[in-house]
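Below are the chains, spelled out letter by letter.
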Amino acid sequence: MPDFTLQLRKYMPDAAAPVISRWIIDSHCRFRISKSRSSKLGDYRPPFGPHGHRISVNHNLNPYAFLITTVHEFAHLEAWNRYQNKIKPHGKEWKICFKQLMQPFIRTNIFPADVQIALIRYMENPAASSCTDLDLFRVLKKYDPQNERLHIVEQLPENTFFSLKNGRIFQKKEKIRKRYRCLELKTKRVYLFSPIAEVIPLDSPINSVI
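As a starting point, this report considers the structure included with it. (Residues numbered from 1 in each chain as written. Predicted model: local features only at pLDDT ≥ 70, side-chain atom pairs only at ≥ 80, totals over all residues. Heavy atoms only, no water.)

## Quick notes on the packing of aromatic side chains
The description of an aromatic ring pair uses the distance of the two centres, along with the angle that the planes make with each other.
Then step 1. All told, the structure shown has 12 aromatic pairs when counted by the stated rule.
Then step 2. Measuring from centroid to centroid gives 5.6 Å for Phe162 and Phe170, while their planes differ by 15 degrees, and the two rings are stacked.
Then step 3. Using a relative accessible area of 0% as the deciding quantity, one classes Phe162 as buried.
Then step 4. An aromatic cluster is present here, built from Trp23, Phe31, Phe74 and Phe105 joined pairwise through their rings.
Then step 5. For Arg168, the ring lying beneath its charged end belongs to Tyr191, and the centroid distance is 5.2 Å.
Then step 6. The ring of Tyr180 has Lys172 lying over it, and the distance from NZ or CZ to the ring centre is 4.2 Å. (Phe/Tyr/Trp six-rings, centres within 6.5 Å; stacked < 30°, edge-to-face > 60°. Buried < 20%, exposed > 50% of the residue type's maximum accessible area, 1.4 Å probe, protein only. Lys NZ or Arg CZ within 6 Å of the ring centre and 35° of its normal.)

## Observations concerning helix α3 (residues 63-83)
Then step 1. Counted at 1.5 Å a residue, the expected span for α3 with its 21 residues is 30 Å, and the 30 Å between its end C-alpha atoms agrees.
Then step 2. Looking at where α3 begins, the residue whose side-chain oxygen comes 3.0 Å from the main-chain nitrogen of Tyr64 is Asn62. (Helix = DSSP H or I, 4+ residues; strand = E, 2+ residues; numbered from the N terminus. Expected span 1.5 Å × (residues − 1). Polar contact = N/O pair within 3.5 Å; in protein donor to acceptor, adjacent residues only side chain to side chain.)

## Let's talk about the pattern of salt bridges
Then step 1. Per the stated rule, a full pass over the model turns up 11 salt bridges.
Then step 2. Taking the shortest distance from any N to any O, the salt bridge between Arg168 and Glu184 comes out at 2.9 Å. You can see Arg168 sitting in the loop between β5 (161-163) and β6 (169-176) and its partner Glu184 sitting in strand β7 (residues 179-184), a full 16 residues away along the chain.
Then step 3. For Glu184, a relative accessible area of 6% gives the class buried.
Then step 4. Taken together, the shared-partner salt bridges connect Lys40, Asp43 and Arg45 into one network. (Salt bridge = Lys/Arg side-chain N within 4 Å of Asp/Glu carboxyl O.)

Below you can see the structure in the form of structure tokens.
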């Protein structure tokens, strides 16, 4: 009988690893540790043709974000087993599955106190991604490995220049409701940025793009 506990402990809290290992085995799921993807933290694909359930989770998440994302994807698996494709991806049925699967980890205090509090609030009405809940994201962010280059937009003073990983350069402007207006220097177009978008602060804009 396979056991994935040792491998999983490299990515999530020790106490959670045997539970997730059992889920993988019982569901006959192909569970993959994925490279970093900016568009998503994890992914679930239902059985199709010769393939069974497939889940992938980004390798670079901190242990608590990795576990939450894993449970999120297994909730999709559980919802598919119960309802197949007759429900919305993040509808009420998925939310029920997510809450049920998360409860054992909340009850056993696997998470630090600040993550636990934010997670319980988030679980009242979980969304498509934990990144969409600003309070939970901010708390989880504290447990990421330190990267001195990256900041989130809300940390930057107004009128600060910053770049994205693809090299595009912006200037932060005022906040509008929940997002920040940011001016792209090259095109002079205005974009709305999430307060938790990761960017690279710049001391000054690069002359060639002004």
